[in-house]
Amino acid sequence: MWGEIVVTSAPASEPLTALQMAAHCRAPDDGTDDDALNDAQAAARNHVEAVTGTRLVTQTVVVNADGWGDLSVLPIAPVQSDSSIAYVDVDGTARTLAGTIYEARLEGLAPSVVLKHGQVWPPVQPGSRITVTAVVGYGEPGWQPQAVLHAIRLMAADFYANRETVQVGSVSGRIPMSAPVEALLANHTRSLT
């Protein structure tokens, strides 16, 4: 079982520029609303990442697994590179797994780590966890799938235009994503089953 994904190096920027967001939201392009547009885009990106199980812009994450078998399906995608796989051996010594033991299969939305032919996973100290550090995300701004970028535009524009979520006299609850946003994200959502 995988633990919580922890971002150790956050994205340097959002997928879309403030100017692109201003144009889509029909906001002033003089910079007066840049903070509100950036906040709306960050909220939309975070939501899209949570819903799809992907990371959109390059960032570094750390995640812990209970055992070697967990590495057959990494909990995050796309993975650009695995920086390290660390474990504690049976003697209690912290070790880094040698690249000669495993193969990182990082293609698409189903990345995994498997043993190379003739290799075996090293024994680990009972109760310890395996720590994977990886660089994840589609890459720099503009490298994301167009459907995902459009979903972010739609959500961010909605957040920007409707800055309050509770209306007097209404029943508050989960605000559903619009059908177009769900449709745009459908082919870019990870299936972990």
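Because the structure is predicted, anything quoted here is derived from the model rather than measured.

Caption draft 1: Representation of empty space enclosed by the protein within the structure. Considering all chains together, one arrives at one cavity of 30 Å³ or more under this definition. Each pocket or cavity is described by its volume, and for the largest cavity that value is around 60 Å³. In this structure, the largest cavity is lined by Trp-2, Val-61, Val-63, Leu-74, Pro-75, Ile-76, Val-79, Asp-82, Val-132 and Ala-134. Elements represented by at least two residues in the lining of the largest cavity include exactly strand S2 (59-65), strand S3 (79-88) and strand S7 (130-136). A per-class count over the lining of the largest cavity returns nine nonpolar, no polar and one charged.

Caption draft 2: View of the sheet that holds strand S1 (residues 6-9). On the basis of which strands lie adjacent, the open sheet formed by five strands has the order S1-S2-S7-S3-S4 and antiparallel pairing. Pairing within the sheet leaves two strands with one partner each, and these edge strands are S1 and strand S4 (94-96). Between one strand axis and the next, the sheet turns by 25° as a mean value, whatever way the strands run. Pairing analysis gives three bridges linking S1 to S2, with the strands arranged antiparallel. Across the sheet, the residue bridging to Ser-9 is Thr-60, located in S2.

Caption draft 3: Just helix H1 (residues 18-25), in detail. For H1, the complete set of buried residues consists of Ala-18, Met-21, Ala-22 and Cys-25. All buried residues of H1 lie within an arc of 100° about the axis, which places them on one face of the element. Of the exposed residues in H1, those oriented more than 90 degrees away from the buried face are Leu-19 and Ala-23. On its buried face, H1 is in contact with helix H2 (34-52) and helix H3 (146-161). Phi for Arg-26, located one or two positions after H1, is positive at around 55°.

Caption draft 4: Main features of H3. Across its 16 residues, H3 extends 22 Å between first and last C-alpha, which sits within 8% of the 22 Å expected from 1.5 Å per residue. By the burial criterion, the buried members of H3 are Val-148, Leu-149, Ala-151, Ile-152, Arg-153, Met-155, Ala-156, Ala-157 and Tyr-160. Taken together, the buried residues of H3 touch H1, H2 and helix H4 (179-185).

Caption draft 5: Up close: the nonpolar core. Membership of the largest hydrophobic core comes to 21 residues, with the highest contact counts inside it found for Cys-25, Leu-37, Val-48 and Ile-152. Counting only elements with at least two residues in this core, the list comes to H1, H2, H3 and H4. A per-element tally of this core places H3 first, with eight residues. Core analysis: the next-biggest nonpolar cluster, separate from the first, contains 20 residues, Val-63, Val-79, Leu-97 and Ile-101 among them.

Caption draft 6: Layout of the packing of H1 against H3. Viewed as axis vectors pointing N to C, H1 and H3 meet at an angle of 70°, and their least axial separation amounts to 10 Å. Viewed along their axes, H1 and H3 adopt a mutual orientation that is roughly perpendicular. Both H1 and H3 take part in a crossing whose hand is right-handed. In this structure, H1 uses Met-21, His-24 and Cys-25 to contact H3, whose residues at the interface are His-150, Arg-153, Leu-154, Ala-156, Ala-157 and Tyr-160.

Caption draft 7: Up close: the pairing of S2. The element S2 is largely enclosed, with a buried count of six among its seven residues. As paired strands, S2 and S7 are joined by seven bridges and run antiparallel to one another. Residue pairing across strands places Asn-64 opposite Thr-131, the latter belonging to S7.

Conventions used here
Residues numbered from 1 in each chain as written. Predicted model: local features only at pLDDT ≥ 70, side-chain atom pairs only at ≥ 80, totals over all residues. Heavy atoms only, no water. 1 Å grid on protein atoms, 1.4 Å probe; cavity = no way out; pocket = protein on both sides within 12 Å on 5 of 7 lines; lining within 4 Å. Points joined across faces, edges and corners; volume = space filled by probe spheres on them. Helix = DSSP H or I, 4+ residues; strand = E, 2+ residues; numbered from the N terminus. Nonpolar A, V, L, I, M, F, W, Y, C, P; charged D, E, K, R; others polar. Pairing = 2+ DSSP bridges. Axes fitted to C-alpha atoms, helices over the stretch in contact; angles between N-to-C directions. Buried < 20%, exposed > 50% of the residue type's maximum accessible area, 1.4 Å probe, protein only. Arc of directions from axis to C-beta. Contact = heavy atoms within 4.5 Å. Expected span 1.5 Å × (residues − 1). Core = buried A, V, L, I, M, F, W, Y, C linked by side-chain atoms within 4.5 Å. Parallel < 35°, antiparallel > 145°, perpendicular 65-115°, else oblique. Left-handed = near helix turned anticlockwise from the far one by under 90°.

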